[in-house]
Amino acid sequence: MKLISSISITAVLAAFALCGAKAATPAYLDDTQPLETRVEDALQRMNTAEKIALIHAQSKFGSPGVKRLGIPEVWTDDGPHGVRPEVLWDEWEQAGWTNDSCVAFPALTCLAATWNPDMSRLYGVVVGEEARYRNKSMLLGPGVNIYRTPLNGRNFEYMGEDPFLASVMVVPYIQGLQSNGVSACVKHYCLNNQEINRHTTNVLIDDRTLYEIYLPAFKAAVKGGAWAIMGAYNLYKDQHLCHNSITLNDILKGEWGFDGVVVSDWGGTHDTHEAVTNGLDMEFGSWTNGLTNGQSNAYDNYYLAQPYLDKIAAGELTTQELDEKARRVLRLIMRTTMDRHRPWGSMLSPEHYAAARQIGGQGIVLLKNDKSVLPIKADAKKILVVGENALKMMTVGGGSSSLKVQQEISPFDGLKAQAPAGCVVEFARGYVGDTGGEYNGVTTGQDLSESRSAKELIAEATQKAKDADVVIFVGGLNKAAGQDCEDADRESLSLPYDQDRVIAALADANPNLVVVNVSGNAVAMPWVDKVPAIVQAWFLGSEAGNAIADVLYGAVNPSGKLPMTFPRSLADVGAHCFGEKAYPGIERNDGSNILDEEYSEGIYVGYRWADRKKTKPLFPFGHGLSYTTFAYGKITPSKSQISGDDTITFTVPVTNTGEREGDEVVELYITDVKSTLDRPVKELKGFKKVHLLPGETAQVEITVGRDELSYFDPEAHAWVAEPGEFKAHAAASAGDIRSTCSFKLLE
Ligand code: BGC
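Calculation rules
Residues numbered from 1 in each chain as written. Predicted model: local features only at pLDDT ≥ 70, side-chain atom pairs only at ≥ 80, totals over all residues. Heavy atoms only, no water. Helix = DSSP H or I, 4+ residues; strand = E, 2+ residues; numbered from the N terminus. Rg over C-alpha atoms; globule rule 2.2 N^0.38 Å. Buried < 20%, exposed > 50% of the residue type's maximum accessible area, 1.4 Å probe, protein only. Contact = heavy atoms within 4.5 Å. Salt bridge = Lys/Arg side-chain N within 4 Å of Asp/Glu carboxyl O. Phe/Tyr/Trp six-rings, centres within 6.5 Å; stacked < 30°, edge-to-face > 60°. Lys NZ or Arg CZ within 6 Å of the ring centre and 35° of its normal. Pairing = 2+ DSSP bridges. Axes fitted to C-alpha atoms, helices over the stretch in contact; angles between N-to-C directions. Parallel < 35°, antiparallel > 145°, perpendicular 65-115°, else oblique. Left-handed = near helix turned anticlockwise from the far one by under 90°. Core = buried A, V, L, I, M, F, W, Y, C linked by side-chain atoms within 4.5 Å. Near = heavy atom within 4 Å. Polar contact = N/O pair within 3.5 Å; in protein donor to acceptor, adjacent residues only side chain to side chain. Areas by Shrake-Rupley, 256 points an atom, 1.4 Å probe, with all protein chains shown as cover. Nonpolar A, V, L, I, M, F, W, Y, C, P; charged D, E, K, R; others polar. Expected span 1.5 Å × (residues − 1). Disulfide = S-S within 2.5 Å.

Colleague: I would appreciate a short explanation of the overall build of the protein in the present structure.
Modeller: In terms of regular secondary structure, the protein is built from 19 helices and 31 strands. Its C-alpha radius of gyration of 26 Å places the protein within 12% of the 27 Å reference for a compact globule of 747 residues. The C-alpha extent of the protein, read off along each of the three principal axes, is 85 × 65 × 60 Å. The buried share of the protein, taken over its 747 residues, is 63%. Excluding contacts between residues fewer than 6 apart, the proportion of contacts in the protein whose partners are at least 24 apart in sequence is 75%.

Colleague: Whenever I open this one, the pattern of salt bridges confuses me. Can you help?
Modeller: A side chain of one charge can pair with a side chain of the opposite charge if their charged atoms are brought near each other. The final tally for this structure, using the stated rule, is 54 salt bridges. We note a salt bridge from lysine 392 to aspartate 434, for which the minimum N-O separation is 3.1 Å. Of this pair, lysine 392 sits in the loop between strand E12 (382-386) and helix H14 (411-417) while aspartate 434 sits in the loop between strand E13 (424-428) and strand E14 (438-439), and the two are 42 residues apart along the sequence. Looking at aspartate 434, the relative accessible area reads 22%, which means it is partly exposed. The salt bridge partner of lysine 727 is glutamate 725, with a shortest N-O separation of 3.7 Å. Residue lysine 727 is classed as partly exposed on the basis of its relative accessible area, which comes to 27%. Within this structure, Arg154, Glu157, Glu195, Arg198, Glu486 and Asp487 form a network of salt bridges that share partners.

Colleague: Can you help me understand the packing of aromatic side chains in this one?
Modeller: Note on aromatic pairs: each is described by the distance of the centres and the angle between the planes. If you walk through the whole model with that rule in mind, you get 25 aromatic pairs. Measuring from ring centre to ring centre gives 5.1 Å for tryptophan 115 and phenylalanine 687, while their planes differ by 80 degrees; the resulting arrangement is edge-to-face. Of this pair, tryptophan 115 sits in the loop between helix H4 (108-114) and helix H5 (117-133) while phenylalanine 687 sits in strand E26 (residues 683-692), placing them 572 residues apart in sequence. For tryptophan 115, a relative accessible area of 0% translates into the label buried. Within the aromatic cluster, the residues linked to one another by ring pairs are Trp115, Phe164, Tyr607, Phe621, Tyr669 and Phe687. We note lysine 682 situated over the ring of tyrosine 669; from NZ or CZ to the ring centre the distance is 5.4 Å.

Colleague: What's the story with the pairing of strand E20 (residues 595-598) in this structure? I'm lost.
Modeller: On a regular strand, one side chain projects to one face of the sheet and the next to the other, so that they alternate. Of the two faces of E20, the one holding Leu595 and Glu597 is buried and the one holding Asp596 and Glu598 is not buried anywhere. As paired strands, strand E6 (residues 201-204) and E20 are joined by 4 bridges and run parallel to one another. Considered in E20, the bridge of valine 203 is made with glutamate 597. Two strands pair when backbone bridges link them, and strand E19 (residues 586-587) and E20 are joined in this way by 2 bridges, in the antiparallel orientation. In the strand pairing of E20, glutamate 587 is matched with leucine 595.

Colleague: Would you take a moment to explain the packing of helix H15 (residues 454-465) against helix H16 (residues 499-509) for this structure?
Modeller: Between two packed helices, what matters for the description is the angle formed by their axes and the separation of those axes. Between H15 and H16, the shortest axis-to-axis distance is 9 Å and the interhelical angle comes to 30 degrees. Looking at the two axes, H15 sits roughly parallel to H16. At the point where H15 passes H16, the crossing takes the right-handed sense. Note on element contacts: H16 touches H15 through Arg501, Val502, Ala505, Leu506 and Ala509, opposite Ala454, Ile458, Ala461, Thr462 and Ala465.

Colleague: Would you mind going over the sheet that holds strand E5 (residues 186-189) with me for this structure?
Modeller: Neighbouring strands of a sheet are bound in pairs by backbone hydrogen bonds; such pairs are parallel or else antiparallel. Read from one edge of the open sheet, 3 strands run E5-E7-E10, paired in parallel fashion. Looking at strand neighbours, the two that pair on one side only are E5 and strand E10 (261-263), the edges of this open sheet. Going across the sheet, the axis of each strand differs from the next one's by a mean of 30 degrees, ignoring polarity. In the sheet, strand E7 (residues 228-231) pairs with E10 via 3 bridges, with the strands oriented parallel. Each residue of the ladder has a partner; that of methionine 230, found in E10, is valine 263. Its contacts with the sheet put helix H8 (residues 216-223) on E5 and E7, and the angle it makes with E5 is roughly 140 degrees. Here helix H9 (residues 245-255) sits on the sheet in contact with E5, E7 and E10, set at roughly 135 degrees to E5.

Colleague: Would you explain the nonpolar core in this entry?
Modeller: Across soluble globular proteins, nonpolar side chains have a tendency to be buried as a group. With 119 residues, the main nonpolar core has Tyr189 and Leu191 as its most contacted residues. Those residues in contact with leucine 191 that sit more than four places away from it in its chain are Asn145, Val203, Ile205, Leu210, Tyr214, Asn234, Tyr236, Leu241 and Tyr599. Among the nonpolar cores identified, the runner-up in size contains 74 residues, and Leu374, Ala507, Ile548 and Tyr553 belong to it.

Colleague: What is the right way to read the site of the ligand from this model?
Modeller: In the vicinity of the ligand there are 15 residues, among which Asp78, Arg154, His188, Tyr233 and Asp265 approach most closely. In the model, an oxygen atom of the ligand is placed 2.8 Å from a nitrogen or oxygen of the arginine 154 side chain. Tyrosine 233 is positioned such that a nitrogen or oxygen atom in its side chain is 2.8 Å from an oxygen atom of the ligand. Expressed as a share of its isolated accessible area of 310 Å², the protein-covered part of the ligand is 95%. Each residue belonging to the shell around the ligand can be placed in one class, and the counts come to 6 nonpolar, 2 polar and 7 charged.

Colleague: Can you walk me through helix H13 (residues 350-363) in this structure?
Modeller: In an α-helix, one turn spans 3.6 residues; hence positions three or four apart end up facing the same way. In this model H13 runs 20 Å from its N-terminal to its C-terminal C-alpha over 14 residues, within 8% of the 20 Å that 1.5 Å per residue would give. Taken as a whole, H13 has its buried residues at His352, Tyr353, Ala355, Ala356, Ile359, Gly360, Gly361, Gln362 and Gly363. Next to the buried residues of H13 lie H4, H5, strand E11 (365-369), helix H17 (544-553), strand E25 (662-672) and E26.

Colleague: Whenever I open this one, the sheet that holds E25 confuses me. Can you help?
Modeller: Here we have 5 strands laid out as an open sheet, ordered E23-E31-E30-E25-E26, and mixed in their pairing. The sheet is open, and its two borders are formed by strand E23 (641-642) and E26, each paired with just one other strand.

Colleague: What am I meant to see in the packing of helix H6 (residues 163-178) against H8 here?
Modeller: Packing of H6 against H8 leaves a shortest axis separation of 8 Å and a crossing angle of 25 degrees. With respect to each other, H6 and H8 are oriented roughly parallel. Here the hand of the crossing between H6 and H8 comes out right-handed. Between H6, through Pro163, Ala166, Ser167, Val170, Val171 and Ile174, and H8, the contact on the second element is made entirely by Pro216, Ala217, Ala220 and Ala221.

Colleague: Would you explain the pairing of strand E24 (residues 647-656) in this entry?
Modeller: With 7 of 10 residues buried, E24 is to be regarded as a mostly interior element. When strand E21 (residues 630-632) meets E24, the two strands line up antiparallel, connected through 3 bridges. By the bridge assignment, phenylalanine 630 is partnered in E24 with asparagine 656. Both E24 and strand E27 (residues 697-705) contribute to a ladder of 9 bridges, which runs antiparallel. Paired with isoleucine 648 across the bridge in E27 is valine 704.

Colleague: In this structure, what is going on with the state of the cysteines? I would like to understand it.
Modeller: Two cysteines joined by a covalent bond between their sulfur atoms form a disulfide. Tallied over the full model, the rule gives 0 disulfides. Of all cysteine sulfurs in the structure, the one in cysteine 242 sits closest to cysteine 190, which takes part in no disulfide; the separation is 11 Å. Under the relative-accessibility criterion, cysteine 190 is labelled buried at 0%.

Colleague: Which parts of the structure should I look at to understand the environment of valine 528?
Modeller: Checked against the element boundaries, valine 528 lands in the loop between strand E17 (513-518) and strand E18 (533-536). Take valine 528: its relative accessible area is 12%, and that puts it in the buried class. Along the chain, valine 528 and glutamine 44 lie 484 residues apart, while their C-alpha atoms are 66 Å from each other. Filtering out sequence-adjacent residues up to four positions away, valine 528 remains in contact with Lys368, Ile534, Leu618 and Phe619.

Colleague: Help me out: how do you make sense of unusual backbone geometry in this one?
Modeller: Peptide bonds are trans in most cases, and residues, glycine excluded, mostly fall at negative phi. Cis peptide bonds are those with omega within 30 degrees of zero, and the linkage from aspartate 78 to glycine 79 qualifies with -5 degrees. For glycine 79, the location among the structural elements is in the loop between strand E2 (74-78) and H4. With an omega dihedral of 0 degrees, the bond running from tyrosine 583 to proline 584 counts as a cis peptide bond. Locating proline 584 in the fold gives a position in the loop between H17 and E19. With phi around 50 degrees, lysine 237 is a residue other than glycine that occupies positive phi space. Locating lysine 237 in the fold gives a position in the loop between strand E8 (235-236) and strand E9 (239-240). Judged by relative accessible area, which is 48%, lysine 237 ranks as partly exposed. The phi angle at serine 372 is positive, at roughly 45 degrees, despite the residue not being glycine. Considering the arrangement of structural elements, one finds serine 372 in the loop between E11 and E12. Judged by relative accessible area, serine 372 falls into the partly exposed class, the value being 45%.

Okay, structure coming up:
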């Protein structure tokens, strides 16, 4: 049951009015007053118990506000791909409301794959409208943990391997969301780059790697105005990241000046003293002891509840930190629920579905298209669709981002709906993956049970494939445990359920094979040379089938590019080249349960590692094809040298040399030719997506400044741009540089 604060702001105003004929509106309720004046006014009216109540949960997703003052409750909800259904007050089970189905938007990997900040803003606005309509103060997302290994079960909730791409893409989402008066809660800050042992892994990392690779997207989110951030479950320097003196006090609140709320991940708090002094502002929990299990209705046992009060009473802690935490939560409430000008929001609107479809269409990546198998020809008479993922609903599962949707179009339904006139679209199961379809009481209602053997399924599929004009295999991962799901990593890079065998058999049966891989992670493709067309389709949400059909039939010309490298094998991934100490970590011998994990590859994550080792990935970072072709001209710098705070603009002429209009993402990489510290071969420092008609040329301009030339010098604890020669590369992917120029940085 959702309890609504019983005293409204109107009631409080009335009470104040009774005290005297001309009683002024208290400052905290007067929105003509500056925010900080309102916050301080509210704070000085509160007693210690009220402040304590304000900073910890009273239910799974809510905290109480200050009833006496009419300061409303804080309601959070997952995030990040749509608004999670209501759950029971003190249970994870869905509450069974009939008015809380949502639109599911594509997973954040797909958003990153659009390389289009306008799509990110649109995403933030529409998911924010749904959250606002549902009366949420905070949506738990977006996530920007860096894609360190393709095994991480939650990569699908994040924005890929590159700090620059993730930084550019995360900000518009946050601003769009918050334009609804709903706070973002950027997660999981920081170094939460795997799910295995997520509560007990202590990350050993050098400062340079921390600042260059793992922090930038969080910093961008904070500088971009995020009102809240969620601490991660794991540890850094032996302190949990939900109460970590370095990442929260020194970096987040110190160096970056964050004025918002640090929210614990659910059950991520472990110690009252640390929580109080090391930067945590608000505690939420998975179970009511704030940890993993406990008695019901015992929110008083949270670390920031009675134990905190007791320590204040005993003189072990002062109320100074408490005031600061309460201040931050009050600021959050004023920015959200108490902003009487915030819009009303809306749910399930046609515009929301259209946005989901558009973002999906822009994020789907055409990895390979030999013999122009795609788009599917208008004269096709028989299309065979094979694979469980052509049917399976993907919005239920995956952990806390699981949703209850009003509708989800399956790939099979989408492909049927847009098939050319007179064309039959048949289905063969191909393999059995995960037949489940339930999360916290939300069920898909699909019956995916299957009694035939794997051999029979392959025989049926290959038989039906023989006379098809085109065969579309839709497989990949599916958000079941270990297959892109919270709380577990994948066990290998390979596709599960023997899908490789099915694909190989289909390739033998029909040369016109399209493989559509649904996943948030790279997968191995031992059949890559046998399959002419491969599409990376992500988890696409409510409009999955329509977005896939738009691309496969050609209504949408694909323009997504990979936000991560597809390696040939784990041996080509930095994190997997140093044994267990680098992944998944080595357990200490001291009975503490803690594992130490060293990020031995340092800054060489993703394409930085591939460049360093000179390996050729299966598909490089930034790769994505179109149904048209683009020619790049010569890259030209606006000047030959820069100094001080100058910027430099690179111009690249890009021409659509094909017969269809389409979008191209132009990527700009920078090389520091000689530097004191070892630097990556090249790093992404700019990009732009342009729309071009056939024959049209755009002069694409990308500007960089000193920041984009700098590395983090751990000795000086500062960003340093070293004078000397640099190169700028215009590229279609990290593996496809089209033009290079040089310029100099002076003192
Ligand atoms: C997840 C968070 C999520 C929270 C609330 C945690 O287990 O790590 O991402 O927001 O639960 O559902």
